[in-house]
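Now for the letters of each chain:
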Amino acid sequence: MLIIGCLTMFAFSFKDVHTFGNVDQVRTTHLSLDLSLDFDKKVMKGSCVVKLAYADDKGAAYVDLDTRMLTIESVTNPADNSPLKYELTKDARDYMGAKLRVHLKDPKTAAVKVTYVTDPAAGALQWLDPAQTTSKKKPFLLTQSQAILARTWIPCMDSPGVRVTYDAVVRVPEGITPIMSAAHGQHEPDKGIYRFDMKHPIPPYLIALAAGEIAFKAISDRCGVYAEPAVLEKAAWEFADMEKMVVAAEKLYGKYRWDRWDAIVLPPSFPFGGMENPMLTFATPTLLAGDRSLVNVMAHELAHSWSGNLVTNATWSDFWLNEGFTTYFERRIVESLYGKDTAQMQWLLGQRDLKHEIVEMAAADQEFAKLYQDLSKHDPDAAFSSVPYDKGANFLLVLEQHFGRDKFDTFLKNYFDQHAFQTMTTEKFLTFMRKNLFKGDEKAWETLKVDTWISDPGIPGNMVIPASKNFEKTRQAAKTFAAKGDTSVVKKDTWNTEEWLDFLNSMPEKVDHARLKQLDEYANLSQAGNSEILFAWQMVCIRNTYQPSFASLEDFLLRQGRRKFLKPLYQAMMANPETKTMAKQIYTKARAGYHPISTATIDAIVK
Ligand code: BES
Ligand code: ZN
């Protein structure tokens with residue numbers, strides 16, 4: 001029987017400049033992957049059946065897909081295995097990859113099948129040797145597809161505005177367990193065959209795979225943690241509040257729609273703190289502080305199950321709709337689980353990063369200081385900063401304060417409900433908000449500076465700065481300690497992570513080495529097990545060329561690859577003439593252990 005391509009009328013009201021997909025005529029609706037993982041060659045080999053839907057009953061003469069560094073072996077019509085003609089056209093902009101144009105004999109072809117091999121240097125994939133894992137016994141593979149790296153391992157319309165369901169067959173060598181951002185299907189472990197199924201339509205940047213020696217521990221009926229066996233207990237302890245987080249999130253903005261919420265703690269080279277892959281958050285082991293103090297990242301990834309995964313930014317220009325909403329939501333979850341004080345301190349730490357980053361942004365990069373950004377000439381990754389996160393979240397905080405929590409929460413809940421599994425542009429959001437939150441109050445629109453928040457660089461004057469008694473104390477302590485070296489103001493036994501961070505961030509530019517020595521001896525900061533505190537401490541040490549901390553700095557840079565830490569540390573080392581050589585030496589040793597996403601960033605810093 002011949003399957004007729006499903007006919008759905010659709011029209012896009014926005015243009016995603018980061019896809020080659022001819023989305024106005026045809027869209028991908030489902031991907032069926034069959035992939036064999038070759039850890040020796042560091043490649044995936046297999047096929048992807050791409051189901052198509054057409055804009056109207058004329059169909060299309062061809063379908064254009066995104067690929068990057070893929071070797072295409074064949075393209076066929078899976079209905080009868082007949083070959084289809086195709087061309088691969090590489091773009092001058094590396095990050096765009098190559099357009100795969102498949103000519104359709106029948107303009108309403110239901111699906112095309114692409115057989116291909118990935119490149120060992122594929123941007124989404126990191127292949128770890130056993131030595132780079134905790135157990136050191138088995139190799140490991142991890143993917144990171146956001147923003148436009150799905151095309152380095154899956155031929156698809158790699159646009160957040162094109163949603164697909166997917167299923168996958170993953171074939172692995174003995175002793176390797178794969179896991180994906182999807183429901184489990186029929187696994188055949190003896191044969192090394194595993195199956196997955198994602199029934200909800202998602203953007204391709206949320207397709208994710210990890211494979212290695214992976215064990216599981218349940219936290220509740222619907223939550224659990226995957227990790228290498230040696231890390232599992234620690235990870236499960238650290239993330240024990242996952243279930244409580246889902247309960248708090250559901251109370252705020254409605255039902256969790258992804259069935260399960262599991263997390264996997266990856267080897268330390270994972271380039272992000274967390275990644276909101278549906279049903280399966282990917283997390284860095286640098287969150288395992290031993291005191292649950294960094295779990296706001298988990299709250300953040302969970303929040304994406306509404307903002308981002310359910311209602312998705314239409315293009316990377318609208319990225320703040322994902323991250324700004326999520327950061328706001330994250331802090332609401334933190335507040336309901338850990339209290340107002342903690343949440344307020346996190347708001348303030350975020351505001352500090354934001355101010356810092358906007359000040360540092362080059363004049364040429366001012367576009368990246370806006371919420372809605374013109375990225376037509378940029379890799380979306382180049383725009384990555386705390387702007388979409390903290391400027392976005394602070395814009396929502398301004399709205400919350402003006403309208404009150406009750407109204408604002410109702411508005412957000414309706415926003416998620418009414419746009420579930422849909423795509424959102426900044427413009428569409430503003431229209432929805434004008435109607436459902438402002439309800440015609442043009443004066444409030446003016447006073448709250450809505451257009452300034454969205455379209456101008458910088459931080460609008462009406463940002464809400466929460467008061468924090470705790471931070472008044474830590475700021476005073478930083479001053480007193482730097483001036484007098486009085487350790488009695490350093491409350492090492494009572495300060496929580498946020499207080500430590502504010503104390504360290506509030507240190508003056510120049511601090512005497514004698515003071516740094518005293519502080520390190522007193523609080524053992526160079527040996528801090530908390531990655532955020534260690535990072536903040538090292539930032540102070542680098543700008544003051546405090547040699548005694550540099551062994552610990554090197555160790556930190558060699559044992560983890562989280563870009564949020566690497567980037568500022570290498571930048572600071574390169575900015576200080578006395579640490580520049582050290583930066584280069586460390587990077588030469590460390591580079592091979594970093595994910596391609598991190599090396600792309602750090603290569604540009606350590607030249
Ligand atoms: N989705 C992001 C990570 C991301 C963004 C990857 C853009 C690639 C391109 C994730 O949700 C995130 O924001 N992670 C943060 C968490 C933090 C802000 C709480 C991180 O990794 O640090
Ligand atoms: Zn996020």
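This next bit is on the domain arrangement of the chain. For the chain, the domain assignment lists domain 1 (2–213), domain 2 (218–455) and domain 3 (471–606). In this structure, domain 1 and domain 3 have C-alpha centres spaced 40 Å apart. Each side of the interface is counted separately: domain 1 has 10 residues, and domain 3 has six residues. The contact between domain 1 and domain 3 buries some 460 Å² in all, and 57% of this surface belongs to carbon and sulfur atoms. Considering only the surface of domain 1 that becomes buried against domain 3, Gly123, Gln126 and Gln132 emerge as the three largest contributors, covering 62% of it. Run the count over domain 1 and domain 3 and you get zero salt bridges. On inspection of domain 1 and its partner domain 3, the count reaches three residue pairs in polar contact (both at pLDDT 80 or more). Residues belonging to the side of domain 1 that touches domain 3 are distributed by class as follows: five nonpolar, five polar and no charged.

Attention now moves to the side chain of Thr165. Mapped onto the fold, Thr165 is located in strand E12 (residues 164–171). Discounting chain neighbours no more than four positions away, the residues touching Thr165 are Thr29, His30, Leu31, Met198, Lys199, His200 and Pro201.

Another point: the nonpolar core. Core analysis: the biggest nonpolar cluster contains 156 residues, and Phe395, Phe429 and Met433 have the highest contact counts within it. Among the elements that line this core, the one with the most residues is helix H6 (residues 387–403), at nine residues. Beyond its immediate chain neighbours, meaning those up to four positions away, Phe429 contacts Trp320, Leu321, Phe325, Phe395, Phe411, Tyr415 and Met424.

This part is about the coordination of the zinc ion (ligand 2). Any two of four tetrahedral donors ideally make an angle of 109.5 degrees at the metal, while pairs among six octahedral donors ideally make 90 or 180 degrees. Every protein donor of the zinc ion (ligand 2) is listed here as His300 (NE2), His304 (NE2), Glu323 (OE) and Glu323 (OE), and their distances to the metal cover 1.9 to 2.7 Å. In this structure, the zinc ion (ligand 2) is surrounded by six donor atoms whose angles at the metal cover 53 to 160 degrees, and the resulting shape is irregular. Considered as a linear motif, the donors of the zinc ion (ligand 2) on their single chain read H-x3-H-x18-E. Taken together, the residues His300 in helix H3 (residues 296–303) and Glu323 in helix H4 (residues 319–338) connect sequence positions 23 residues apart.

All right, on to the environment of Glu238 then. Looking at the element boundaries, Glu238 is found in helix H1 (residues 229–238). For Glu238, a relative accessible area of 1% corresponds to the buried category. Distance from Glu238 to Gly290, taken between C-alpha atoms, is 6.4 Å for residues 52 residues apart in sequence. Apart from residues no more than four positions distant in its own chain, Glu238 is found in contact with Leu287, Leu288, Ala289, Gly290, Asp291, Arg292, Ser293 and Val295. Only 3.2 Å separates the side chain of Glu238 from the backbone nitrogen of Ala289, close enough to count as a polar contact.

We now examine the sheet that holds strand E17 (residues 215–218). Read from one edge to the other, the open sheet built from five strands follows the order E17-E18-E19-E21-E20, with strand pairing classed as mixed. The open sheet is flanked by E17 and strand E20 (274–275), the only strands paired with a single partner. Both strand E19 (residues 261–265) and strand E21 (residues 280–283) contribute to a ladder of four bridges, which runs parallel. Bridged to Ala263 within E21 is Thr281. H1 rests against E17, strand E18 (223–227) and E19 of the sheet, and its axis sits at about 150 degrees to E18.

This paragraph deals with the confidence of the model for the chain. Per-chain confidence: the chain averages 97 in pLDDT, with 98% of residues scoring 70 or above. The low-confidence segment residues 1–7, where pLDDT is below 50, has 12 contacts with residues more than four positions distant or belonging to other chains.

What follows is about the site of ligand 1. Around ligand 1 sit 17 residues, and of these Gln146, Gly273, Glu276, Glu301 and Tyr389 come closest. One of the backbone nitrogen or oxygen atoms of Gly273 is found 2.6 Å away from an oxygen atom of ligand 1. For ligand 1, a nitrogen atom lies 3.0 Å from a polar atom in the side chain of Glu323. Here ligand 1 has 530 Å² of accessible area as a free molecule, and 91% of this is covered by the chains.

Attention now goes to the pattern of salt bridges. Side chains that differ in sign of charge can pair as their charged atoms come close. Applying the stated rule across the entire model yields 38 salt bridges. The salt bridge involving Arg260 is made with Asp262; its shortest N-O contact spans 2.8 Å. Note on Arg260: relative accessible area 24%, which makes it partly exposed.

It is worth spelling out H3 at this point. Of all the eight residues making up H3, seven are buried; the element is thus mostly covered by neighbouring parts of the structure. What H3 keeps buried is the set Val297, Met298, Ala299, His300, Glu301, Leu302 and Ala303. Buried residues along H3 sit against helix H2 (242–253), E19, E20, E21, H4 and H6.

A word on unusual backbone geometry. With an omega of 0 degrees, the peptide bond between Gln146 and Ala147 qualifies as cis. Note that Ala147 resides in the loop between strand E11 (140–143) and E12. Phi is positive for Lys42, close to 55 degrees, though the residue is something other than glycine. When you line up the elements, Lys42 lands in the loop between strand E2 (26–38) and strand E3 (43–54). On the basis of relative accessible area, Lys42 is assigned to the partly exposed category, the value being 25%. The phi dihedral of Lys136 falls on the positive side, at around 65 degrees, and the residue is not glycine. Take Lys136: it is sitting in the loop between strand E10 (125–128) and E11.

We now examine the sheet that holds strand E8 (residues 98–103). Taken in spatial order, the three strands make up an open sheet running E4-E8-E7, and their pairing is antiparallel. Because the sheet does not close on itself, it has two edges, and the strands there are strand E4 (62–67) and strand E7 (86–90). Strand-to-strand twist in this sheet, taken as the mean axis angle between neighbours without regard to direction, amounts to 20 degrees. The pairing of E4 with E8 spans six bridges and is classified as antiparallel. For Thr67, the partnering residue across the bridge sits in E8 and is Ala98.

Turning next to the pairing of strand E16 (residues 209–212). Of the two faces of E16, the one holding Leu209 and Ala211 and the one holding Ala210 and Gly212 are both buried throughout. Two elements, E11 and E16, share two bridges in a ladder whose sense is antiparallel. Bridging across to E16, Leu141 finds its partner in Ala211. Here four bridges tie strand E13 (residues 177–180) to E16, and the two strands are oriented antiparallel to one another. Paired with Pro178 across the bridge in E16 is Ala211.

Calculation criteria
- Residues numbered from 1 in each chain as written.
- Chains lettered and ligands numbered in written order.
- Predicted model: local features only at pLDDT ≥ 70, side-chain atom pairs only at ≥ 80, totals over all residues.
- Heavy atoms only, no water.
- Domains from an automatic or database assignment.
- Contact = heavy atoms within 4.5 Å.
- Buried area = accessible area lost by both parts, 1.4 Å probe.
- Salt bridge = Lys/Arg side-chain N within 4 Å of Asp/Glu carboxyl O.
- Polar contact = N/O pair within 3.5 Å; in protein donor to acceptor, adjacent residues only side chain to side chain.
- Nonpolar A, V, L, I, M, F, W, Y, C, P; charged D, E, K, R; others polar.
- Helix = DSSP H or I, 4+ residues; strand = E, 2+ residues; numbered from the N terminus.
- Core = buried A, V, L, I, M, F, W, Y, C linked by side-chain atoms within 4.5 Å.
- Buried < 20%, exposed > 50% of the residue type's maximum accessible area, 1.4 Å probe, protein only.
- Donors = N, O, S within 2.8 Å, 3.2 Å for Na, K, Ca; no water.
- Tetrahedral: all angles 85-135°; square planar, octahedral: opposite > 155°, others 65-115°.
- Pairing = 2+ DSSP bridges.
- Axes fitted to C-alpha atoms, helices over the stretch in contact; angles between N-to-C directions.
- pLDDT = per-residue confidence, 0-100.
- Near = heavy atom within 4 Å.
- Areas by Shrake-Rupley, 256 points an atom, 1.4 Å probe, with all protein chains shown as cover.

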